[in-house]
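Remarks on the overall topology
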Amino acid sequence: MPQLGFGVWQVPDEEAERAVATALEAGYRSIDTAAVYGNEAGTGRGLAASGVAREELFVTTKLWNGPKQRWNRDAVLRAFDDSLGKLGLDHVDLYLIHWPRPMRDDFVSIWQAFEEIAAEGRARAVGVSNFRPADLDRLAGASGLVPAVNQIELHPLFPQDELRALHAERGITTEAWSPLGQGKELLTLPAVAAIAAKHGRSAAQVVLRWHLGHGHVAIPKSVTPARIRENLDVFGFELDADAVAALDALGAGPAARRIGPDPAVFD
Ligand code: NAD
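Quick caveat, the model's predicted, so the values are computed rather than measured.

If you tally the helices and strands in the protein chain, you get 11 helices and 8 strands. The C-alpha atoms of the protein chain give 18 Å as radius of gyration, which agrees with the globular expectation for 267 residues (18 Å, within 12%). Within the span of the protein chain, comprising 267 residues, buried residues form 44% of the whole. Counting contacts in the protein chain only where the partners sit at least 6 residues apart, residues at least 24 apart contribute 75% of the total.

Here it is, written out as structure tokens:
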């Protein structure tokens, strides 16, 4: 799995083709979409138009295990087929349960359908998103198949130390969503600006470098071609130890906070 990928949340379907094509042309090989983003079809068109060989691509999508439906085995398999059809692919590289929705108490049975999908090779790997330690424990108690990935909100203002340690212990890859803190406060903090100036890089680039140094997979999103390229241009420099320590310290500072929903209550 490439350590840096391209996320397409909030990219309208009609723009996704161009955004994905721009990303692939810039050199990204990993694309992160989801059924609920409504842009699997546009993403698939972008993949096809790029001419990049399928075996070079790493495509992730997610089951929208939303509240409108009971998620039994057949519903999961239908949703997966629907995603593959929209993407125009015969397999994805990673399929994720989008949210644990612990109050619905159904992710273990959803995972059983994921085991089938993985066994058939129609998803090369399966994983979860937004799972808390308790959710991972519950899954581990019910299935021998360890999620390959847990995709979670993660950035210097929300560093998720407990989950990262648990993932490392269990061999689960940590994938950071909103790795740039959605391009909001994080990128404007004086501490980040100082590190960027010292390294001659942008704020987004030093934050992405922080992720790479900690071993996270990161999937920044942009629809602006120059930013799409900038966010991938992070392999030619390293942060010094003071910079890493300063970014680590933000997680305990006054601006630290979660941006997205809390998985404990999100339904
Ligand atoms: P992000 O942290 O990637 O921030 C994206 C925003 O930052 C852009 O819209 C833009 O405003 C800004 N930005 C991007 N590049 C920039 C640059 N170089 N300089 C300045 N500003 C820049 O936020 P995101 O889109 O929320 O997260 C990335 C991806 O993570 C999503 O597209 C999606 O694929 C995934 N995601 C998953 C979940 C989940 O529940 N699993 C939730 C949210 C996002």
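Residues of helix H5 (residues 133-142) that are buried: Asp135, Leu136 and Leu139. Relative to the axis of H5, the buried residues are bounded by an arc of 100 degrees and lie together on one face. Exposed side of H5, more than 90 degrees from the buried face: Ala134 and Gly141 are the residues found there. Residues of H5 that are buried make contact with helix H4 (107-119), strand S6 (149-153) and helix H6 (161-170).

For alanine 193, the position within the fold is in helix H8 (residues 190-199). Using a count of 14 C-beta atoms within 10 Å as the deciding quantity, one classes alanine 193 as partly exposed. Along the backbone, alanine 193 and glycine 260 are 67 residues apart, and their C-alpha atoms lie at a distance of 24 Å.

What follows concerns the pairing of strand S3 (residues 58-63). Burial within S3 is extensive, with 5 of its 6 residues counted as buried. In this sheet, S3 lies alongside strand S2 (residues 30-32) in parallel orientation, the contact comprising 3 bridges. Its bridge partner lying in S3, serine 30 is registered against phenylalanine 58. In terms of handedness, the path from S3 via helix H3 (residues 73-87) over to strand S4 (residues 92-97) forms a crossover that is right-handed.

Let us look at the UniProt feature "binding site: substrate" (unreviewed entry) in the protein chain. Those places that UniProt annotates as "binding site: substrate" (unreviewed entry) correspond, in this numbering, to His98. Within the secondary structure layout, histidine 98 lies in the loop between S4 and H4. According to the C-beta neighbour criterion, histidine 98 is partly exposed, with 19 such atoms within 10 Å. Excluding residues that lie within four positions of it along the chain, histidine 98 makes contacts with Ala34, Val36, Lys62, Leu63, Trp64, Asn65 and Ser129.

Taken together, 26 residues form the shell around the ligand, and within it Gly7, Trp9, Leu180, Gly183 and Lys221 come nearest. Sorting elements by how many residues they give to the shell around the ligand places helix H10 (residues 225-232) first, with 3 residues.

Moving on: the UniProt feature "active site" (unreviewed entry) in the protein chain. Per the UniProt record, "active site" (unreviewed entry) is found at Tyr37. For tyrosine 37, the position within the fold is in the loop between S2 and helix H2 (40-50). Not counting the four nearest positions on each side in its chain, tyrosine 37 is found in contact with Val8 and Trp9.

In this section: the packing of helix H1 (residues 13-26) against H10. Two numbers describe how H1 lies on H10: the axes approach to 10 Å, and their chain directions differ by 40 degrees. Here H1 is positioned oblique relative to H10, judged by the angle of their axes. Crossing hand, H1 versus H10: right-handed. Side by side, H1 and H10 meet where Thr22, Ala23 and Ala26 of the first sit next to Pro225, Ile228, Arg229 and Leu232 of the second.

Here is what the cut-offs are and how they apply
- Residues numbered from 1 in each chain as written.
- Predicted model: local features only at pLDDT ≥ 70, side-chain atom pairs only at ≥ 80, totals over all residues.
- Helix = DSSP H or I, 4+ residues; strand = E, 2+ residues; numbered from the N terminus.
- Rg over C-alpha atoms; globule rule 2.2 N^0.38 Å.
- Buried ≥ 20, exposed ≤ 12 C-beta atoms within 10 Å, placed from the backbone.
- Contact = placed C-beta atoms within 7 Å.
- Arc of directions from axis to C-beta.
- Pairing = 2+ DSSP bridges.
- Right-handed = clockwise from strand over helix to strand, strands pointing away.
- UniProt positions renumbered as here; feature names shortened; annotations may be inferred.
- Near = placed C-beta within 6 Å.
- Axes fitted to C-alpha atoms, helices over the stretch in contact; angles between N-to-C directions.
- Parallel < 35°, antiparallel > 145°, perpendicular 65-115°, else oblique.
- Left-handed = near helix turned anticlockwise from the far one by under 90°.

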